[in-house]
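The primary structure of each chain is shown beneath.
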Amino acid sequence: MKPFESKGFSLKPNTVSGLSDQRLNFSVQTEKRAPNAISAFAKDSHKRAARLLGYGLILDTPEAWETVSHLLALRLSVGERAAILLAALHSLQPEEAAVICDHAFSGGAA
């Protein structure tokens, strides 16, 4: 395998202009990738929620997270939001989770 083929490129001649013309016209053709599982199977609301989470992580301000929480409430069911909450809480140490829950339910900002 040639080095450029290992990177997904294939050089194939487009045309040959006769025997007297020794030049070949090559074009670079990239191989098409199969769509990933998220693109292929996820609901539109789930794709939007994942994008929102990314925006929240990038901006990382209280205002951005508050906006994310409002938009997630519009796009996801209570069960879907609860699953995200449980996954996030289970990623923490019990003491950390307790402090965060106390802060959230004492009127603390998101």
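Structure's up top.
Rules and cut-offs
- Residues numbered from 1 in each chain as written.
- Predicted model: local features only at pLDDT ≥ 70, side-chain atom pairs only at ≥ 80, totals over all residues.
- Heavy atoms only, no water.
- Patch = residues over 30% accessible without salt bridge, like charges linked within 9 Å, V, L, I, M, F, W, Y side chains within 5 Å.
- Areas by Shrake-Rupley, 256 points an atom, 1.4 Å probe, with all protein chains shown as cover.
- Salt bridge = Lys/Arg side-chain N within 4 Å of Asp/Glu carboxyl O.
- Helix = DSSP H or I, 4+ residues; strand = E, 2+ residues; numbered from the N terminus.
- Buried < 20%, exposed > 50% of the residue type's maximum accessible area, 1.4 Å probe, protein only.
- Expected span 1.5 Å × (residues − 1).
- Axes fitted to C-alpha atoms, helices over the stretch in contact; angles between N-to-C directions.
- Parallel < 35°, antiparallel > 145°, perpendicular 65-115°, else oblique.
- Contact = heavy atoms within 4.5 Å.
- Nonpolar A, V, L, I, M, F, W, Y, C, P; charged D, E, K, R; others polar.
- Core = buried A, V, L, I, M, F, W, Y, C linked by side-chain atoms within 4.5 Å.

Some remarks on a nonpolar patch on the surface
Here is step 1 of the chain: On the surface, a cluster of nonpolar side chains totalling about 360 Å² of accessible area is made up of Tyr55, Ile58 and Leu59.
Here is step 2 of the chain: Considering the arrangement of structural elements, one finds leucine 59 in helix H3 (residues 44–59).
Here is step 3 of the chain: Judged by relative accessible area, which is 55%, leucine 59 ranks as exposed.

Description of helix H6 (residues 94–105)
Here is step 1 of the chain: In a regular helix each residue adds 1.5 Å, so 12 residues correspond to 16 Å; H6 covers 16 Å between its end C-alpha atoms and thus fits that length.
Here is step 2 of the chain: Where H6 terminates, the next one or two residues include glycine 107, which has phi positive at roughly 90°.

A closer look at the pattern of salt bridges
Here is step 1 of the chain: Taken as a whole and assessed by the stated rule, the structure comprises 1 salt bridge.
Here is step 2 of the chain: Between arginine 48 and aspartate 44 there is a salt bridge, with the nearest N and O atoms lying 2.9 Å from each other. Taken as a pair, arginine 48 and aspartate 44 lie in helix H3 at a separation of 4 residues, close to a single helical turn.
Here is step 3 of the chain: Take arginine 48: its relative accessible area is 36%, and that puts it in the partly exposed class.

As for the packing of H3 against helix H4 (residues 62–75)
Here is step 1 of the chain: Between H3 and H4, whose axes approach to 9 Å, the crossing angle comes to 175°. One finds that H3 runs roughly antiparallel with respect to H4. For the pair formed by H3 and H4, the contact residues are Ser45, Arg48, Ala49, Leu52, Leu53, Gly56, Leu57 and Leu59 on the first element and Ala64, Trp65, Val68, Leu71, Leu72 and Arg75 on the second.
Here is step 2 of the chain: Within the contact of H3 with H4, the residues separate by chemical class into 10 nonpolar, 2 polar and 2 charged.

Considerations on the nonpolar core
Here is step 1 of the chain: If you look at the biggest cluster of nonpolar residues, it comprises 5 residues: Ala49, Leu52, Val68, Leu72 and Leu76.
Here is step 2 of the chain: Mapped by element, the contributors of at least two residues to this core are H3 and H4.
Here is step 3 of the chain: Among all residues touching leucine 72, those that are not within four sequence positions of it are Ala49, Leu52 and Arg81.

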